[in-house]
Amino acid sequence: MKSALPLVVDLTGRLVVAVGGGPVSARRVRAFVDEGAVVRVVSPWVCEDLRDLVLDGTVEWQARDYAGAGDLDGAWLVHTAVGEPEVDRRVAGDAERLRIWCVDATDASARSASVAARTDVATPDGRVTISTYAAGDPGLATSLRDGVAEAVTQGRLDLRRTRERVSADAKPSGWVALVGGGPGSDGLLTARGHELLRSADVVVVDRLAPRGLLERLPASVRVVDVGKTPGHHAVPQWRINEILVEEASRGLGVVRLKGGDPYVLGRGGEERQACEAAGLAVEVVPGVTSAVSVPAAAGIPVTHRGVARGFTVVTGHEAIPGLPTGGDHTLVLLMGVSLLEQTVTALVAQGRSLDSPVAIVERGFSPTQRTTVGTLSSIAELAREREVGSPAVIVVGDVVRLSPEWPGDPAG
């Protein structure tokens, strides 16, 4: 086509006729079906992907050669990919005479319509379609589409709505997303987390969330800092719940950016319950939990063949529950520095050996990450001497001997 006007076409409940049963036809038929079209395939044979759609009743198959214009009766759109130029030209010509838009997948110059390279981004406010068209050069269109999609997943494009969010009863209607930011490194946020941050009007952030991401948000995004430090909760949890509900109830998109994973000792369940009780839509995005990632950053796997076949994660600022005591079961303690001495006493009382290896990994993934290793008999004194502080992850078990910081032969 020499010129083109991009349009968005609603195919819901409308007939699309696809002539040809090969892989090209199958790919396009799947796209038409995904858009809600009623699809009829005309071909003496179909490839495996099309056969699956036929067998599950998704598309109608007329197992014969193209017979003429009558095969296009009632169609809103025609797609031809027979692979035989004479047949494809005939289909395109019949569609032209019937004034039906036709995509000829074998001859760009004969097309009255083209399907642009596209991908979709799911935002809390609905689907955003990224579509590119380069006349006669589908490879360029695909490259441009992928570049825009990459910019979206890396959080470089603003995805916020420019129109007010309203519910069916015309009242303001926002959303809340509980996003796990991982152990603090910007690069460990998921692609979905980036998309939601770029869709948000308000970001409610924890102390241990990846703060570098906030600097790249649009200036008009409001950031509410509810960071907690050990022993000092400037904003109590009940108030955080209220903030999420209040902001979303005003019709705003709200991201609760949390350190680690929202559901691993992160109070995410309470926040979700509060929002859902207020009738708000909530999405939860998992994060890379520090319980596993921070030991890994220090060279300590929480499980290892022949060393440890299981692990338990517990909060370290409460009484330690009864746990397996063998060195082949790793114990990971979060928020445990302040009560380290009491924890050591409890673990020994439960049956852990005083010789059990222990590691404390401070400020995981930061330039000042530091690991302190010892045993249950020595770790509390070592922590005092080195002025160990939060945030830190404590690991107890034989896997600690795999740490590069462990003295001597790790295998021993």
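Anything mentioned here points back to the structure above.
A few points on the structure. This is a predicted model, so every value here is computed, not measured. (Residues numbered from 1 in each chain as written. Predicted model: local features only at pLDDT ≥ 70, side-chain atom pairs only at ≥ 80, totals over all residues. Heavy atoms only, no water.)

**Some details on a negative patch on the surface**
Item 1. A cluster of like negative charges, contributed by Glu 48, Asp 49, Asp 52 and Asp 56, occupies part of the molecular surface.
Item 2. Looking at where Asp 52 falls in the secondary structure, it is placed in helix α2 (residues 48-55). (Patch = residues over 30% accessible without salt bridge, like charges linked within 9 Å, V, L, I, M, F, W, Y side chains within 5 Å. Areas by Shrake-Rupley, 256 points an atom, 1.4 Å probe, with all protein chains shown as cover. Salt bridge = Lys/Arg side-chain N within 4 Å of Asp/Glu carboxyl O. Lys, Arg positive; Asp, Glu negative; His and termini not counted. Charge placed at Lys NZ, Arg CZ, Asp CG, Glu CD. Helix = DSSP H or I, 4+ residues; strand = E, 2+ residues; numbered from the N terminus.)

**Concerning the pairing of strand β5 (residues 101-104)**
Item 1. Sheet topology places strand β4 (residues 77-80) next to β5; four bridges connect them, and they run parallel. Bridged to Leu 77 within β5 is Trp 101.
Item 2. A crossover connection joins β4 to the parallel β5 through helix α3 (residues 85-97); in handedness this β-α-β unit is right-handed. (Pairing = 2+ DSSP bridges. Right-handed = clockwise from strand over helix to strand, strands pointing away.)

**A word on the packing of helix α6 (residues 237-249) against helix α7 (residues 268-277)**
Item 1. For the pair α6 and α7, interaxial distance at closest approach is 9 Å and the crossing angle is 45°. By the angle class used here, α6 and α7 are oblique. With respect to the hand of their crossing, α6 and α7 are arranged in right-handed fashion. Here Gln 237, Ile 240, Asn 241, Leu 244 and Val 245 of α6 come into contact with α7, specifically with Glu 270, Glu 271, Ala 274 and Cys 275.
Item 2. When its residues are assigned to classes, the contact of α6 with α7 shows five nonpolar, two polar and two charged. (Axes fitted to C-alpha atoms, helices over the stretch in contact; angles between N-to-C directions. Parallel < 35°, antiparallel > 145°, perpendicular 65-115°, else oblique. Left-handed = near helix turned anticlockwise from the far one by under 90°. Contact = heavy atoms within 4.5 Å. Nonpolar A, V, L, I, M, F, W, Y, C, P; charged D, E, K, R; others polar.)

**Quick look at the packing of aromatic side chains**
Item 1. In the structure shown here, the tally under the stated rule is zero aromatic pairs.
Item 2. Over the aromatic face of Trp 76 sits the side chain of Arg 14, whose NZ or CZ is 4.5 Å from the ring centroid. (Phe/Tyr/Trp six-rings, centres within 6.5 Å; stacked < 30°, edge-to-face > 60°. Lys NZ or Arg CZ within 6 Å of the ring centre and 35° of its normal.)

**Things to note about the pattern of salt bridges**
Item 1. Per the counting criterion, the structure on display carries 28 salt bridges.
Item 2. Close ionic contact of Arg 250 with Glu 247 constitutes a salt bridge, the shortest N to O distance being 2.7 Å.

**Looking at the environment of Leu 214**
Item 1. Along the chain, Leu 214 falls in the loop between β9 (202-205) and β10 (222-225).
Item 2. Leu 214 gets classed as buried once you look at its relative accessible area, which sits at 17%.
Item 3. Aside from chain neighbours lying at most four places away, what touches Leu 214 is Val 203, Val 205, Val 223 and Leu 257. (Buried < 20%, exposed > 50% of the residue type's maximum accessible area, 1.4 Å probe, protein only.)

**Some details on unusual backbone geometry**
Item 1. In this structure, the amide linkage connecting Ser 390 to the following residue, Pro 391, adopts the cis form with an omega of 0°.
Item 2. Positive phi, close to 55°, is recorded for Met 335, a residue that is not glycine.
Item 3. By secondary structure assignment, the location of Met 335 is in the loop between β14 (329-334) and α9 (340-350).
Item 4. According to the relative accessible area criterion, Met 335 is partly exposed, its value standing at 38%.
Item 5. In this structure, Phe 365 is a non-glycine residue whose phi angle is positive, near 70°.
Item 6. Along the chain, Phe 365 turns up in the loop between β15 (357-362) and β16 (370-375).
Item 7. With a relative accessible area of 34%, Phe 365 lands in the partly exposed category.

**Comments concerning the environment of Tyr 66**
Item 1. With respect to the helices, strands and loops of the structure, Tyr 66 is situated in the loop between β3 (60-62) and β4.
Item 2. Take Tyr 66: its relative accessible area is 9%, and that puts it in the buried class.
Item 3. In this view, Tyr 66 contacts Val 19, Val 42, Asp 71, Leu 72, Val 87, Arg 90, Val 91 and Asp 94; residues no more than four positions away in its chain are not counted.
Item 4. Among the polar contacts listed, one links the side chain of Tyr 66 to the backbone oxygen of Gly 68, at a separation of 3.1 Å.
Item 5. One polar contact links Tyr 66 to Asp 94, side chain to side chain, over a distance of 2.7 Å. (Polar contact = N/O pair within 3.5 Å; in protein donor to acceptor, adjacent residues only side chain to side chain.)

All quantities given are derived from atomic positions and should not be read as evidence of function.
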